[in-house]
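Coordinate analysis (summary)
Residues per chain are reported as follows:
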Amino acid sequence: MRSVPTWLLTAALLTFFLGPFVWQVLTSLRPEAELTAPGLPRALTLEAYRSVLGGRPFLHVVLNSLVVATATTISCLAVGASAAFALAKLRFPGRSLLLGAALAVSMFPPIATVSPLYLALRAVGLRDTLGGLVVPYATFALPLTLWLLTSYFRQLPDELYRAARVDGCTPFQAFRRVLLPLVLPGLATTGILVFIFSWNEFLYALTFISSPGKRTIPVAISLFAGEHAEPFAEIAAASILATLPLVVLTVLFQRRIVSGLTAGAVKG
Amino acid sequence: MTLERVSKVYRGGVAGVREVSLDVADGEFVSLVGPSGCGKSTTLNLIAGLEEPTSGTLRIGGVVVNGLSPRERDVAMVFQSYALYPHLDVRRNLAFPLEVAGMPRQRIRERVEETAALLGLTELLARRPAELSGGQRQRVALGRALVRRPKAFLFDEPLSNLDVGLRAQVRGELKKLHERLGATFIYVTHDQAEAMTLSDRVVVMHAGEVQQVASPRELYLRPANTFVAGFFGAPRINLVPPEVLGLQSPGEGLEVGVRAEALTLGLGEAPPGAVRGRVYLVEPMGSEAWVTVEVDGHRLVVRAAADFGGSSGTPAWLTVDREALQWFDAATGKRV
């Protein structure tokens, strides 16, 4: 039996986190005439969803976001995992310095980097391409990836790495065949964070992309306004649709994240 | 296998091992023993190729292996934590070194099954390490080394994670296994009893340096210095100034080492030549009793009969077997 205060606290937390989301769902389902009316809607309609999915190239925008976020996540994990392995398990001079330097990179406020990055991307011909988003996203997500994955690799006993080496592995084979499978939960967690970051990023996506056909979701939603008067319902519907993939991802990987794969590696 | 003045100095000048020289014959069982931090594990890592020596030469099978990767050295290692791969079942754990070496599947299968049968692991092949008991994990770790049929086996405290009862059993099994395989075993332990019971020869290390290399019997009877003398044997050897036992010192500044069994303890009337003291502590060991006697402010441990009648504070006398004395320089600790 849980006590009453526990229930109250849980209810308060749920209201705090889910309240806005529920409100957004309700807004997206209201008929246009009722948008500013207080209280629960008297009728529900899927008109806003129909309008978002049919009237605009919204699916195309979702696809853009998927491509950018997936490419960012994959490149971030590929670079991050091998670097984190080296930082955690190999001895080389300056490795603590490297982690510190990586953190320093992430301290730059993005707004300060917009102009130079814009010029740089234009110079290499990546302006107004999805690749032009993947590169800076991966760069900015890499420090976090590195820190998270390094701590996951550090948790693996050194003897596992040494056993793999004595069993004939090169350092890379030991990484790929033994250590990498064991940090899968860490990869999943980190991957989701990177994915969410690139999925939601707004500033670069707004600045570096000019063609409407290459916009990502946050930018597209922000540009709903102004075309019509105040399409609140459509904005709400689009936000709900944009959030769904993240929810699905998290639920899918939840078990991976929670499970302790390393149990039984060593005594204890 | 030969180590020639092998040293490992870490950055900042901390020496892991200093000038270790050692010859290991084919098929020999050699233990490296010493307290923690003495350099025994570092020496094993140097042999395995997990660390590179800063100076000196290492040969395996006559070939200089300095700079060679562990893969090229063809040695197998059993770790203290077993270091089984938790994401693979027992079969894949055993097969792992062979898969990495690129052996054909059919031969891997045969080898794995052969090894599993040898170690009684056949029933467990489909299990994951997490589903095994400590003793079973230990055998899988052993199997993963055996399956490769390497030039030499390296053991890094393989028994220290086992329960005491199981430890003695596995220790016996290891010795039989060595007899059967006839392969070279290099065995690191901090447990003098393991080193004594298993090895052909024992290398005693302390503070990164080799103190003595000898057979277990030789180490016990003729330790090279007071460190070795104190490390081997239970109860510990008694090291006291000779006058405590009423002995004539053969030289200046010497200490005498007397094993507990070289002392005779009695109560009541003392025979001529005995020294007097008081019982300080009695520890019954079942078949005998270890009695600590205080003589002149020095404590000496004596093996006495199990039915020893004294208790703390009882006056007692001691006689010494003069044949069994060992003399050490009190300043350097070296044997004279």
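This structure is a prediction, so every number in the text was calculated from the model and none was measured. (Residues numbered from 1 in each chain as written. Chains lettered and ligands numbered in written order. Predicted model: local features only at pLDDT ≥ 70, side-chain atom pairs only at ≥ 80, totals over all residues. Heavy atoms only, no water.)

Remarks on the domain arrangement of chain A
Residue and element names in this part refer to chain A. By the assigned domains, chain A splits into domain 1 (1–45) and domain 2 (56–261). The C-alpha-based centres of domain 1 and domain 2 are spaced at 31 Å. At the interface, six residues of domain 1 touch seven residues of domain 2. Contact between domain 1 and domain 2 buries roughly 590 Å² in total, counting both sides, with carbon and sulfur atoms accounting for 82%. Ranking the residues of domain 1 by area buried against domain 2 places Phe-21, Gln-24 and Ser-28 at the top, with a combined share of 61%. Between the two partners, domain 1 and domain 2, sit zero salt bridges. Where domain 1 packs against domain 2, one counts one residue pair in polar contact (both at pLDDT 80 or more). Among the residues forming the side of domain 1 that touches domain 2, the class breakdown is three nonpolar, three polar and no charged. (Domains from an automatic or database assignment. Contact = heavy atoms within 4.5 Å. Buried area = accessible area lost by both parts, 1.4 Å probe. Salt bridge = Lys/Arg side-chain N within 4 Å of Asp/Glu carboxyl O. Polar contact = N/O pair within 3.5 Å; in protein donor to acceptor, adjacent residues only side chain to side chain. Nonpolar A, V, L, I, M, F, W, Y, C, P; charged D, E, K, R; others polar.)

A look at the packing of aromatic side chains
All names here are of chain B. One pass over the full model with this rule turns up 20 aromatic pairs over all chains. Ring centres 5.3 Å apart and planes at 45° place the aromatic pair Phe-29 and Phe-185 in the tilted group. One end of the pair, Phe-29, is in strand 3 (residues 29–33); the other, Phe-185, is in strand 8 (residues 184–189), with 156 residues separating them in the sequence. Taken as a pair, Phe-29 and Phe-185 share a single burial class, namely buried. (Phe/Tyr/Trp six-rings, centres within 6.5 Å; stacked < 30°, edge-to-face > 60°. Helix = DSSP H or I, 4+ residues; strand = E, 2+ residues; numbered from the N terminus. Buried < 20%, exposed > 50% of the residue type's maximum accessible area, 1.4 Å probe, protein only.)

Some words on the pattern of salt bridges
The tally for this structure, following the rule as stated, stands at 21 salt bridges over all chains. Between B:Glu52 and B:Arg73 there is a salt bridge; the shortest N-O distance is 2.9 Å. Linking B:Glu52 in the loop between helix 1 (40–48) and strand 4 (55–60) with B:Arg73 in helix 2 (residues 70–73), this pair joins segments that are 21 residues apart in sequence. Overall, B:Glu52 belongs to the partly exposed group, its relative accessible area being 31%. For B:Arg73, a relative accessible area of 1% gives the class buried. Put simply, A:Asp167, B:Arg144 and B:Arg148 are held in one network by salt bridges that share partners.

Examining the nonpolar core
Core analysis: the largest hydrophobic core is formed by 52 residues, its most contacted members being A:Phe153, A:Leu179, B:Tyr85, B:Leu154 and B:Ile186. With residues near it in sequence (within four places) discarded, B:Leu154 still touches B:Leu44, B:Ile47, B:Ala48, B:Val75, B:Ala76, B:Met77, B:Val78 and B:Ile186. Ranked by size, the runner-up nonpolar core spans 35 residues in total, among them B:Ala145, B:Leu146, B:Ala183 and B:Leu198. (Core = buried A, V, L, I, M, F, W, Y, C linked by side-chain atoms within 4.5 Å.)

Regarding the interface of chain A and chain B
Contacts between the two partners involve 24 residues from chain A and, on the opposite side, 32 residues from chain B. Summing both sides of the interface, chain A and chain B together bury roughly 2400 Å²; the carbon and sulfur share of this comes to 56%. Inspection of the region where chain A meets chain B yields three salt bridges. A:Arg177 serves as the salt-bridge partner of B:Glu99, at 3.1 Å between the closest nitrogen and oxygen. Taken together, the links from chain A to chain B amount to eleven residue pairs in polar contact (both at pLDDT 80 or more). Contributions of two or more residues to the side of chain A that touches chain B are made by helix 7 (158–166) and helix 8 (171–182) of chain A. Tallying contributions element by element places helix 7 of chain A first for the side of chain A that touches chain B, with seven residues.

Quick look at the packing of helix 3 (residues 90–100) of chain B against helix 5 (residues 134–146) of chain B
Residues and elements named next belong to chain B. For the pair helix 3 and helix 5, interaxial distance at closest approach is 7 Å and the crossing angle is 30°. Between helix 3 and helix 5, the angle falls in the class roughly parallel. Read as a crossing pair, helix 3 and helix 5 show a hand that is right-handed. Two secondary-structure elements touch here, helix 3 through Val-90, Asn-93, Leu-94 and Pro-97 and helix 5 through Val-140, Gly-143 and Arg-144. When its residues are assigned to classes, the contact of helix 3 with helix 5 shows four nonpolar, two polar and one charged. (Axes fitted to C-alpha atoms, helices over the stretch in contact; angles between N-to-C directions. Parallel < 35°, antiparallel > 145°, perpendicular 65-115°, else oblique. Left-handed = near helix turned anticlockwise from the far one by under 90°.)

Side note on the sheet that holds strand 5 (residues 63–64) of chain B
All names here are of chain B. Read from one edge to the other, the open sheet built from four strands follows the order 2-1-4-5, with strand pairing classed as antiparallel. Single-partner strands in this sheet number two, and they are strand 2 (15–23) and strand 5. For strand 4 and strand 5, the ladder comprises two bridges, and the chain directions are antiparallel. From the neighbouring strand, Arg-59 faces strand 5, where its bridge partner is Val-64. Together, strand 1 (2–9), strand 2 and strand 4 form the strand contacts of helix 1, whose direction differs from that of strand 1 by roughly 115°. (Pairing = 2+ DSSP bridges.)

Re the packing of helix 4 (residues 105–119) of chain B against helix 5 of chain B
All names here are of chain B. Contact geometry for helix 4 and helix 5: axes closest at 10 Å, N-to-C directions at 140°. Comparing their axes, helix 5 and helix 4 come out oblique. Considering how the two elements wind past one another, helix 4 and helix 5 form a crossing that is right-handed. Taken together, the residues of helix 5 that come into contact with helix 4 (itself represented by Thr-115, Leu-118 and Leu-119) are Arg-139, Leu-142, Gly-143 and Leu-146.

As for a nonpolar patch on the surface
Side chains of A:Leu9, A:Leu13, A:Leu14, A:Phe16, A:Phe17, A:Leu18, A:Phe21 and A:Val22 sit close together on the surface and give an oily, nonpolar patch of about 820 Å² of accessible area. A residue is classified by how much of its surface remains accessible, and A:Phe17, at 57% relative accessible area, is exposed. (Patch = residues over 30% accessible without salt bridge, like charges linked within 9 Å, V, L, I, M, F, W, Y side chains within 5 Å. Areas by Shrake-Rupley, 256 points an atom, 1.4 Å probe, with all protein chains shown as cover.)

Here's the deal with the sheet that holds strand 15 (residues 288–295) of chain B
Residue and element names in this part refer to chain B. Read across the sheet, five strands follow the order 13-17-14-15-16 without closing on themselves; strand pairing throughout is antiparallel. Each of the sheet's edge strands pairs with one partner strand only, and the pair in question is strand 13 (263–266) and strand 16 (298–305). Ignoring which end each strand starts from, the neighbouring axes of this sheet average 45° apart. Where strand 15 and strand 16 come together, eight bridges link them in antiparallel fashion. Across the sheet, residue Thr-292 finds its bridge partner in strand 16, namely Val-301.

Here we look at the side chain of B:Arg111
Residue and element names in this part refer to chain B. Looking at the element boundaries, Arg-111 is found in helix 4. As a buried residue without a salt bridge, Arg-111 has its nearest oppositely charged side chain in Glu-114, at a separation of 5.9 Å. The contact partners of Arg-111, leaving out residues within four places of it in the chain, are Leu-98, Met-103, Val-147, Arg-148 and Arg-149. (Lys, Arg positive; Asp, Glu negative; His and termini not counted.)

Description of unusual backbone geometry
Residue and element names in this part refer to chain B. Cis geometry is found at the peptide bond from Ala-234 to Pro-235, where omega equals 0°. In this structure, Arg-149 is a non-glycine residue whose phi angle is positive, near 50°. For Arg-149, the position within the fold is in the loop between helix 5 and strand 7 (152–156). Relative accessible area serves as the criterion here: at 48%, Arg-149 is assigned to the partly exposed category.

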